[in-house]
Amino acid sequence: MKYSFAVSIGGAAGQGVATPGNIFAKIFARRGLHLYAYNAYQSIIRGGHTFLTIRASPEKVTCFGDRIDLLIPLNQDTMDRHLNLLKPGSAVVYNSDTITPHDVPTGVRVCPLPVGELTGGSRTKVEQNTLGVGAALSMMGVSFQPLADVLTEQFKKKGEAVIQENVGVARAAYQYAGQQFEPFPNPLPMTENKYAVLTGNMALAMGGAAAGVKFYCAYPMSPSTGVLHWMAAHARKLGIMVRQVEDEIGVINMAIGAGHSGCRAMCATSGGGFALMTEGLGMSAMIETPVVVIDVQRAGPSTGVPTKTEQGDLWQMLGAAFGDYPRVIGAPTDILDCFKMVPEIFNIADRFQCPGIVLSDLLLSEGHGSIDPNDLDFNVPIDRGELITEPNGHQPYKRYEITKSGVSPRAIPGLPGYIHTAATDEHDEDGVLISDEFTNPVKRRQMMEKRQRKVAGIEAAVPPPELVGPRDASVTLIGWGSTEGVIHEAIDLLADEGITANHLQIRWLVPLHGEAILDILRHSSRTIIVENNYSGQFARYLRSETSFVPDGCIRKYDGEPFMPHHIVEAVKEQMIGRTNLSVPAHEIMV
Amino acid sequence: MKYSFAVSIGGAAGQGVATPGNIFAKIFARRGLHLYAYNAYQSIIRGGHTFLTIRASPEKVTCFGDRIDLLIPLNQDTMDRHLNLLKPGSAVVYNSDTITPHDVPTGVRVCPLPVGELTGGSRTKVEQNTLGVGAALSMMGVSFQPLADVLTEQFKKKGEAVIQENVGVARAAYQYAGQQFEPFPNPLPMTENKYAVLTGNMALAMGGAAAGVKFYCAYPMSPSTGVLHWMAAHARKLGIMVRQVEDEIGVINMAIGAGHSGCRAMCATSGGGFALMTEGLGMSAMIETPVVVIDVQRAGPSTGVPTKTEQGDLWQMLGAAFGDYPRVIGAPTDILDCFKMVPEIFNIADRFQCPGIVLSDLLLSEGHGSIDPNDLDFNVPIDRGELITEPNGHQPYKRYEITKSGVSPRAIPGLPGYIHTAATDEHDEDGVLISDEFTNPVKRRQMMEKRQRKVAGIEAAVPPPELVGPRDASVTLIGWGSTEGVIHEAIDLLADEGITANHLQIRWLVPLHGEAILDILRHSSRTIIVENNYSGQFARYLRSETSFVPDGCIRKYDGEPFMPHHIVEAVKEQMIGRTNLSVPAHEIMV
Amino acid sequence: MATVAAQSQFTVTDYKGKVDPDWCPGCGDFGVLASLKSALAELSIAPHQVVTISGIGCSSNLPGYINTYGMHTLHGRALAVATGVKLANHDLHVIVTGGDGDGFGIGGNHFMHTMRRNVDLTYLAMDNQIYGLTTGQVSPTSRIGMKTKSTPFGSVEGPINPISLALACGASFIARAYSGEPKHLTDLIKQGILHKGFSFIDVFSPCVTYNKDNTYQWFRPRVKKLEQDSAYDPTNWMMAIEKAQLWGDEIPIGKFFESTDMPSLHGSEPVLFEGGPLALRKLGISREVGRELAEELM
Amino acid sequence: MATVAAQSQFTVTDYKGKVDPDWCPGCGDFGVLASLKSALAELSIAPHQVVTISGIGCSSNLPGYINTYGMHTLHGRALAVATGVKLANHDLHVIVTGGDGDGFGIGGNHFMHTMRRNVDLTYLAMDNQIYGLTTGQVSPTSRIGMKTKSTPFGSVEGPINPISLALACGASFIARAYSGEPKHLTDLIKQGILHKGFSFIDVFSPCVTYNKDNTYQWFRPRVKKLEQDSAYDPTNWMMAIEKAQLWGDEIPIGKFFESTDMPSLHGSEPVLFEGGPLALRKLGISREVGRELAEELM
Ligand SMILES: Cc1ncc(C[n+]2csc(CCOP(=O)(O)OP(=O)(O)O)c2C)c(N)n1
Ligand SMILES: Cc1ncc(C[n+]2csc(CCOP(=O)(O)OP(=O)(O)O)c2C)c(N)n1
Ligand code: SF4
Ligand code: SF4
Ligand SMILES: [Mg+2]
Ligand SMILES: [Mg+2]
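A few points on the structure. Keep in mind the model is a prediction, meaning the values are calculated, not measured.

With that settled, consider the sheet that holds strand E11 (residues 291-297) of chain A. Hydrogen bonds along the backbone pair up the strands of a sheet, which may run parallel or antiparallel. Residue and element names in this part refer to chain A. Here we have seven strands laid out as an open sheet, ordered E9-E8-E10-E11-E13-E12-E21, and mixed in their pairing. This sheet does not close on itself; its edge strands, each paired only once, are strand E9 (241-244) and strand E21 (508-510). Direction aside, neighbouring strands of the sheet carry axes that sit 20 degrees apart on average.

Listed below in structure tokens is the structure:
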């Protein structure tokens, strides 16, 4: 990336790190800058340490990068943890009444704000934060008006007085910084564009809305709860039935019930909740009622680290429910892709009457990113497959008719002439149980084969992955899902160091298109799989499908996402043959 | 096998197929004959069709074989279904008052019993079956006394009169057959030995008792419920707390609680129940409290075919719970091995403080087999690992102390001086949550690596599989778990046809010892994986660990187990290159 | 009461399923199936407007034996599935059937929460105080001391009281019936179907094969119809909870409680106030609404 | 009542955990933790003889904040784990803590069945009528109309009544407390621990961050101690169930019900009649017994 600027704000949970974050995001996005924001926080409501980094650039920003240009510590702890990580040219803006910097790295500018003085004593939490923003914007060479606008919107409900007060202190800090602090050499650029800012969870929810989801249910579980919150907030506007259920078992079963009635039904959870849903997925597969489940991964095993990211649920997805059955599993590669993939999965789940799984993770689902609002196209193709919603022949009707495609026309309850029972016991074409009376191995085999024939159809419906970058690059970086952005940026940085790398990002996990992947990797001079887990879950899965073994792996399982330089340094150490398994250490102690 | 004799008894559920089966089993076993019995039945209580085959031989019998020597149909339906499957030299004994044979295959002897006449009108269900047994035994050249003894034991509770009546009709049939029917050319042999007869489920339960299980809980689920029944029946005698819980989630959590207190705790279920237990397995791994779970596979997906067998849960085991964690998974290869493996798994689970899974299936768990009672050695080695049950140093105590082995001494609650909290959230050495306050990527990584170091220890604790048969055989048959017996017999039959095969049966699934397997398979001229599922779950898993791809596969997913000739014919068609995927059709329509 | 009410368009034969039940001869479930058919016929509800949903168990095989839409779901999950079915198409009549293990054992949590939500379903628990399909283990309604394959020395756990439980969870229609009293059962099922909200009927449905304690002979002399007690007022919750405690020589059957002023879940969810069943609404979002959603983010 | 009874060997500081709670300032859970420590101290129970077991939630973090053996298990599963712990070593005092979502939402089925089994545990439900740790969604005890992140237009589902539910499920000790009344709470916890069997205490423990409806200000004028009503008889189940229906200007707290004649599960399980705690018994089976087991098969 030619140019980017990153601000980090840190403090204790409850100190209101989010507010200044949102203010910056609004101002950047309206300025026509792309941005990406990631909040490293803990599973507590108050105290602890949360650290939000927001990075802006005229180009697309896909991760929070490697460098903090401006640090705004809201407490001494943040100052102490992060100051030493600043590089020459960066600056720290802080409330000098309560915070003091210790051993400042050379080349780092310290910009103390006499908050008490600037606010004339009255000092609310919010104002203290507002001051930091004001000073920061002035140093970035951004005019004051945008901040005034955002503050005005923000405090609209609170009334004129509060607006005045906040705009006032913000201006005071803005002017003070103008006089006291060097501005950054190049002022924050500006473009004609206007961007929307959203999280992956919001994008997943909107994708569901676009797909025509009419029934959404969930049981709260971090980091997936954002989907529920968006759905609940928009339920009435969009005519979506949104329910919070007693547990995840109820969730998946309720969603399947709604799907069986004919709605597009969706639910979201994280690994622990998904574990409780797996039996339900088996039902979806057996009665051939589609359902879409979003799994937002967090660091495991078990309760693990609820607020930290990981790509550790892959084998749980692969092993979900017992027996063999058709399904589709996709892993969106960025926030916009969260929006795009959901309708795609619904079409496949509907056409092949099987469960569909969207595999996200905390990084993707809770990260904030900017997108061109025109890319949020709600007018998506909707293919419900062979769904019978009104009497139209197909008589005599056999719900599980044996067909070449394995797909049997699905009639929704309520239609005269299509009465049938959908059973999780093995059944015949007519839905009658074969496990009672005379179990019939011939029929059993036919039904297994009918269902499994759908796998070929799903495979055809899903495109093989494509290689990005020069075929003859000296290294191929292979990732899946959420790591696309950071790998992409690492490749840019490698290029700066004269190392050419190309990129294979896997978006569809099941079906995988192993042959196509092999065709690509056969031509690679060196292959490295990058993933955010301990055991190389994707590497093991890829091997199970293709026998392929990469030259090296880069893994991380400390709860924090990859930063570009982690990958760059790992690739370099692997290229000089120092290791074929790199596990980068995470520097920022959040 | 040089010689074996198989009797099949078929009728509707409720007609009491089991009783004659048990009578034959007792008589055979006491005669010093090995036996194996398999009951093909349906998921209903009355009606339907159940078909029990019991096969005896002086040699070990490991499957029900390919040939029925004597058929005893208890109703017309059984006669019609099975008569045509009889081969020359075999016979059918039936109640001629109610059943008539149609188009009898040549060489098959029909032996009608005038039941009414022989019982003098009074004809209870039991007696009708007893008659068949009497006649059969006479044709097999077995003296009458053993039958008289068994009947006497059986009706002990019912009193002298009932005994007399049954022994009477049995004798009548015995004598009638002696006069009317040709005996079989060679009478049933006899040895000095005395065998015990049990099911795999009973063996699993006894293995638990031998291992020192003091807490067993379960929720009923076919085909695993036999373990619960044995445990419940012996609870008081053996001082085992046996509980039926409200659901499988309660089961696994209760078992882990008991394990945490210091008991060896076990539970059993089938695929659907296991799906509900996976979240609990993750807890066991994270708090490092051992628990042993038995999964008895049945035909899936979903409710599937509850009374039919399959090896379709493997990937569910591999994917159970999210995140990476150490565990051990074994698949016993015969009924005696069910008994032996449970204590082995407990020692590993205790030593490495992780979950242990025993993967059985309906074939193994509900099949009856004979074993030398001396092989049921309850005096097994017990290794509880680093378990602190009384104050003995280790001060200051850190429950999750970081060690080279990854194993941290485990103190049970109630001891002064070892107070700690076991948490499913990521924690530090002292058990304090790191997900609260300041999440620490360094500590998180250390704890992940500590737990994962145990994997190496588990690997060392588990032997690699061994090849049976000539190294230079023209084909290597690879199976796992319950298929050992049928593959073994198929290899004998192949030898008769001049085809030399050797045999690699996998008993330990996790850890797998992939390198050792490769060393073996590298020398094989042709490799074929035999498994009882659709997608080749083991083949895919083996590939994920070794990249190995076999020359061919033999699979079956119609609910019925393999018969030796299925494998023989499949091997032959693959050797002439007709296919590399054989899916044998099951002839007997149960 | 005739099997077919004069005005009905349907007879019980219209509800005959594709296969005959394979329950043991004498199983109480036959009576429940028969009464359910009669109730539907007498209410003149077209087969295709009904969805019968069950879990897993002998009793849960019922949907296969009746000519309505059916779902034979997972053990213990019928009520959750049924809630989804009903909310997605509230024009359908949703009947849920299943066993005591299915509904009060593994399914207990859904039972509790479906009642407090007052989902408009009719739930027939075919209560035989045993696990039938799995060949006879203790159930949550088995009495202390009952000997089963999993409690060969007698159960030591107190049973649950489904009627008390339903009252405590705020169910709006609560009844108990006995499959040996088909007319009475039929009448209660009809009331339950007509009730707007969750209707629960705990039906004693003897398992003749595995439950030797709670047989027809045991029930017949004990069951006593609440309807015969003129003083009994089923709108009085306290009266109901008191009656619900009776168990012994006298076991009350009949309608314990009905409240007609609790809104059903679909009745109180504004998304369903207009526009008809969700399942029949058109999918997709207009460009305008889409734009509004995007604008929220700018 | 002093924090330390004259005769106790322990003071509350003996129960101080390794780390301080990170609950929000003012969270009701502080009061519950303090009262639990006081109760243990006053009963003079040694820290190592106690196991505190929880699920997942703000309230479920409690075991980390008290110096007893602890298990911080899975969301909703604490009671199942605790049953295993108690049966495996019935000499231990087992305390279970957790939230309303944990215990009545996802954990509802274990709650129901643990009560009917009368497992000898003391269960403190820290009931804040909200999902706290997940930042404020509706809970099974949230009232109709309550606005939360998952019900921004107000909840339309009737809440459960934990007291009625516990009474219906046959719990043998049932109380309600308020963390704003620490002495009263401490006293109830002591009674619960001394009670032989399952003791349930539903503690109002306000979430100051996400529940703006049920605040201290809301509870303080409403809660009224049953102990102050001389006519109230906690051995009278019918009286208890009637009182349990009160919710509004007056909300009773105190001991609703106690029955001392129900045997606890471990007390009625013959396997535990002699030989001490299972966890401390020697493993393995004698040759003779082994031979007997084999003989059964011949
Ligand atoms: C998750 C799961 N656990 C266990 C089972 C096995 N199972 C099938 S039916 C049943 C209980 C049957 O009892 P009930 O619900 O009372 O029905 P009944 O057969 O008595 O009518 C059980 C435990 C299952 N199918 N799924
Ligand atoms: C299986 C599973 N589902 C969801 C979650 C997420 N989760 C954690 S705590 C919680 C509920 C918290 O509410 P409550 O139990 O009332 O405790 P409180 O925080 O209010 O004290 C939820 C849903 C989880 N940890 N596990
Ligand atoms: S086992 Fe019992 S419940 Fe099942 S069909 Fe037979 S009698 Fe009915
Ligand atoms: S969020 Fe609520 S429940 Fe959680 S600690 Fe804060 S105040 Fe307490
Ligand atoms: Mg039952
Ligand atoms: Mg709560």
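Right, let's get into the interface of chain A and chain C. Facing 69 residues of chain A, the contacting portion of chain C comprises 55 residues. Between chain A and chain C, a total of about 5,000 Å² is buried, with carbon and sulfur atoms accounting for 65% of that surface. In terms of surface lost to chain C, no three residues of chain A exceed Met 241, Glu 246 and Ile 419 of chain A, which account for 13% of the buried area on that side. At the boundary of chain A with chain C, the tally comes to four salt bridges. With its nearest N and O atoms 2.6 Å apart, the salt bridge here joins Glu 246 of chain A to Arg 117 of chain C. Across the contact surface, chain A and chain C share 18 residue pairs in polar contact (both at pLDDT 80 or more). Residue contributions to the side of chain A that touches chain C peak at eight residues, all from helix H9 (residues 248-261) of chain A.

Residue and element names in this part refer to chain D. Protein-derived ligands of the magnesium ion (ligand 6) are Asp 100 (OD), Asn 128 (OD1) and Ile 130 (O), with the metal-ligand distances lying across 2.0 to 2.2 Å. Along the chain, the residues donating to the magnesium ion (ligand 6) are arranged with the sequence spacing D-x27-N-x1-I. Ile 130 matches Asn 128 in its accessibility class, with the two residues each being buried.

Moving on: the relation of the copies chain A and chain B. Overlaying chain A with chain B gives an RMSD of 0.0 Å, the required rotation being 180 degrees about an axis along which the chain moves by 0.0 Å. Taken together, the rotation angle and the small translation identify this as a two-fold axis. Interface residue correspondence from chain A to chain B reaches 100%, placing this contact among same-surface, isologous pairings.

Attention now goes to helix H16 (residues 514-522) of chain A. Residue and element names in this part refer to chain A. The complete set of buried residues in H16 reads Gly 514, Ile 517, Leu 518, Ile 520 and Leu 521. For H16, the buried positions fall inside an angular range of 165 degrees around the axis, keeping them on one side. Of the residues in H16, the exposed ones pointing more than 90 degrees away from the buried face are Glu 515 and Arg 522. Summarising the contacts, the buried residues of H16 are in contact with strand E18 (467-468), strand E19 (475-480), strand E20 (501-506), strand E22 (527-531) and helix H17 (537-546).

This part is about the site of ligand 2. Taken together, 22 residues form the shell around ligand 2, and within it Glu 248 of chain A together with Cys 58, Ser 59, Asp 100 and Asp 102 of chain D come nearest. Residues lining ligand 2 come from chains A, B and D. In this structure, Ser 59 of chain D approaches ligand 2 through a side-chain N or O atom, which is 2.7 Å from an oxygen atom. Contact distances for ligand 2 include 2.8 Å between an oxygen atom and a side-chain N or O atom of Asp 100 of chain D. Its free accessible area being 590 Å², ligand 2 has 98% of it covered by the protein chains. Class assignment of the residues belonging to the shell around ligand 2 gives a composition of 10 nonpolar, eight polar and four charged.

Let's shift gears to the packing of helix H7 (residues 200-211) of chain B against helix H12 (residues 335-352) of chain B. All names here are of chain B. Orientation of H7 relative to H12, taken along the N-to-C sense of each, is 30 degrees, at an axis distance of 7 Å. Once H7 is placed against H12, the crossing between them reads as right-handed. Two secondary-structure elements touch here, H7 through Gly 200, Ala 203, Leu 204, Met 206, Gly 207, Gly 208, Ala 210 and Ala 211 and H12 through Ile 335, Cys 338, Phe 339, Val 342, Pro 343 and Phe 346. Along the lines of polarity and charge, the residues of the contact of H7 with H12 split into 11 nonpolar, three polar and no charged.

Basis of the calculations
Residues numbered from 1 in each chain as written. Chains lettered and ligands numbered in written order. Predicted model: local features only at pLDDT ≥ 70, side-chain atom pairs only at ≥ 80, totals over all residues. Heavy atoms only, no water. Pairing = 2+ DSSP bridges. Helix = DSSP H or I, 4+ residues; strand = E, 2+ residues; numbered from the N terminus. Axes fitted to C-alpha atoms, helices over the stretch in contact; angles between N-to-C directions. Contact = heavy atoms within 4.5 Å. Buried area = accessible area lost by both parts, 1.4 Å probe. Salt bridge = Lys/Arg side-chain N within 4 Å of Asp/Glu carboxyl O. Polar contact = N/O pair within 3.5 Å; in protein donor to acceptor, adjacent residues only side chain to side chain. Donors = N, O, S within 2.8 Å, 3.2 Å for Na, K, Ca; no water. Buried < 20%, exposed > 50% of the residue type's maximum accessible area, 1.4 Å probe, protein only. Least-squares fit on C-alpha atoms with pLDDT ≥ 70 in both. Arc of directions from axis to C-beta. Near = heavy atom within 4 Å. Areas by Shrake-Rupley, 256 points an atom, 1.4 Å probe, with all protein chains shown as cover. Nonpolar A, V, L, I, M, F, W, Y, C, P; charged D, E, K, R; others polar. Left-handed = near helix turned anticlockwise from the far one by under 90°.

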